[in-house]
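Residue-level structure breakdown
Residues per chain, in single letters:
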There are 4 protein chains.
Amino acid sequence: MNDANGLLSGRMIDGGHELVARVYYADTDFSGAVYHARYLEFLERGRSDYLRLLGVHHTDLQAGQTGETLYWVVRRMEIDFRAAARIDDILTIRTQVAETGKARIRMAQEIRRGDDLLVTARVEAAVINAEGRPRRFPQEWAVLFETPGKPHEMS
Amino acid sequence: MNDANGLLSGRMIDGGHELVARVYYADTDFSGAVYHARYLEFLERGRSDYLRLLGVHHTDLQAGQTGETLYWVVRRMEIDFRAAARIDDILTIRTQVAETGKARIRMAQEIRRGDDLLVTARVEAAVINAEGRPRRFPQEWAVLFETPGKPHEMS
Amino acid sequence: MNDANGLLSGRMIDGGHELVARVYYADTDFSGAVYHARYLEFLERGRSDYLRLLGVHHTDLQAGQTGETLYWVVRRMEIDFRAAARIDDILTIRTQVAETGKARIRMAQEIRRGDDLLVTARVEAAVINAEGRPRRFPQEWAVLFETPGKPHEMS
Amino acid sequence: MNDANGLLSGRMIDGGHELVARVYYADTDFSGAVYHARYLEFLERGRSDYLRLLGVHHTDLQAGQTGETLYWVVRRMEIDFRAAARIDDILTIRTQVAETGKARIRMAQEIRRGDDLLVTARVEAAVINAEGRPRRFPQEWAVLFETPGKPHEMS
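The residue numbers shown here count from 1 along each chain, following its written sequence. Chain letters start at A and ligand numbers start at 1, both assigned in the order the entries are written. Whole-chain, interface and lining totals are the exception, using all residues; otherwise, since this is a predicted model, local features are given only for residues with pLDDT of at least 70 and side-chain atom pairs are given and counted only at 80 or more. For side-chain calculations, the full set of non-hydrogen atoms in the structure is used, while hydrogens and water are omitted.

Quick look at the pattern of salt bridges
- In what follows, salt bridge is the name for a side-chain nitrogen of Lys or Arg lying within 4 Å of a carboxyl oxygen of Asp or Glu. For the structure shown, the criterion picks out 72 salt bridges over all chains.
- The salt bridge partner of Arg94 of chain D is Glu110 of chain D, with a shortest N-O separation of 3.5 Å. Pair noted here: Arg94 of chain D is in strand β4 (residues 90–100) and Glu110 of chain D is in strand β5 (residues 104–113), with a separation of 16 residues, a long-range link.
- To sort residues, take the accessible area from a 1.4 Å probe on protein chains only and compare it with the maximum for the residue type: under 20% means buried, over 50% means exposed, and anything in between is partly exposed. A relative accessible area of 29% places Arg94 of chain D in the partly exposed class.
- Connected via shared salt-bridge partners are Asp27, Arg38 and Glu41 of chain A together with Asp27, Arg38 and Glu41 of chain D. Put simply, DSSP H or I for four residues or longer makes a helix, DSSP E for two residues or longer makes a strand, and each gets a number counted from the N terminus.

What to know about the relation of the copies chain A and chain C
- You can overlay chain A on chain C at an RMSD of 0.0 Å; the transform is a turn of 180 degrees with a shift of 0.0 Å along its axis. Such a combination of rotation and displacement between the chain copies is what one expects of a two-fold axis. Ranked by how close their C-alpha atoms come to the rotation axis, the residues of chain A are headed by Glu78 of chain A, at 2.2 Å.
- Note on contacts: a residue pair qualifies if any of its non-hydrogen atoms lie within 4.5 Å across the two residues. When the interface residues of chain A are mapped onto chain C, 100% of them are again interface residues, pointing to one common binding face. To line up the copies, we fit them by least squares on C-alpha atoms, keeping just the residues with pLDDT of at least 70 in both.

Topic: the confidence of the model for chain A
- Per-residue confidence from the predictor is reported as pLDDT, a score between 0 and 100. Averaged over chain A, the pLDDT score is 92; the fraction of residues at 70 or greater is 91%.
- The ipTM assigned to the predicted complex is 0.92, against a pTM of 0.94.

Section: the pairing of strand β6 (residues 116–129) of chain B
All names here are of chain B.
- Counting buried positions over the 14 residues of β6 gives eleven, a clear majority of the element.
- Two strands are said to pair when DSSP picks up at least two bridges between them. In this sheet, β6 lies alongside strand β3 (residues 70–81) in antiparallel orientation, the contact comprising eleven bridges. If you follow Leu70 over to β6, its bridge partner there is Asn129.
- Joining the antiparallel neighbours strand β5 (residues 104–113) and β6 is a turn of two residues, in which Gly114 adopts a positive phi near 60 degrees.
- Sheet topology places β6 next to strand β7 (residues 134–135); two bridges connect them, and they run antiparallel. In the strand pairing of β7, Val127 is matched with Arg135.

Right, dumping it as structure tokens:
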């Protein structure tokens, strides 16, 4: 798979990650615009592909590569729906790490269509094990989410 | 939960099961009608609730109640989209067993809005274990899907 | 349709609305729990059915009953995912009006499984016309969202 | 947008179209595999992007470019779920025109992961106007779906 343009998994940009995705029938609702909960799926793709380019794969986590089965979960989300995306639109999803802690990470995300800002979100994510218990991040991740010039720490 | 009217899990009817469900924003697309793949979710609810009323619960199967972890999967579907459902519509999902075998079951399903027939489907379902391998139906199910007057057998 | 138990469209409770709904395959993800964006669909059902019992129907709004075509849209959402729902779970969605303005309404919502609080959300909603322009609420709604003892006003 | 590798809208191949897409959390269910109805969304993306590369855009159809507002709808689908896709999988969706008529088109589609054939589908699609009435295909499409060596005609 030649993904030189980053169209499949997106690409790293200054301070974060950028993914391009298309709006299809499945994303829209009868108002003519994208259904509000479907923007969360675009945001999930952005976060998953950002992690993927950092070397963190859902399959590896499930397989217990870091010690036990782990799953990423969203703990909290603040999301502003500023303008509507429509069928056939090409969206750009930008993801940045805002803060990292020992067991939580906060990401700032936005969805644009060209220069138009459609959605902004603050997402707090964590990992749980197979029994659903919260877990600290694996130690090997410590360096992954360091954001140069933004040395934030969450408790 | 008083489900006397069968509104939560539906109810057994002559030769099958009937469930009532509402169309919400999430089910529709920008054409104004229900998105075609969302009808499959209504059909899944019908099958799941039919099984539930027969005493077959997804949670029990996952927990290995019948010997090992089992999941229902859809193997094949023929579906005719005859007329469109729209926002706020109240749909009736009817599910009947058409044929049962040792490891497969065929169900005939339809979705109506009042007297209007919107969708008909033939669904072939089976069970797999946690590794994804096909499994025979648990023996205790042998009597569940017997349809009086329709003693079909699948190979 | 005998909906005496409120299982189809929910029921008005002190200061709000309550709807019961089931978790199906379609709502879950490979972690074993409900996919985070699907909780937003349960919340949408709660809000839509609350409006329905107040006499506000999406079909009427689309048909221009209040003057021109109107659609409800979500403007902002803060959502806390506290605990996970799983397959077969029966969820209760509670919806309350927190604040109303001339063109915006804020609702407080929660999803419970029995006594367990799974999700809490603050949702800001508004109406737009067919061109996507924000509109004031129709005058006849002025009395609908008055919450006795909570005479909040949004600008 | 440099889509030289066809990763955003796919690419024309001998006798059809090919699109590559990723499996995310949103596509999976608690069994660990992709939820059966979500394969229909991957198939829709394949058909939509095939049409797009032929010059047929949903936005143009909705805007009445060919005379009146038109929407594509799926009329019938036969789908075989042969093997399961899982989180992080990269899927290839292939779409071919099998038969065209004056108001209906039949497409043959398949979803593969590498060499593994996961899903095959026969999809019958048509166009309707804003009132939901079936319409003949616009004349300018007559040449679009001609498949060299496969001069099928539907009544």
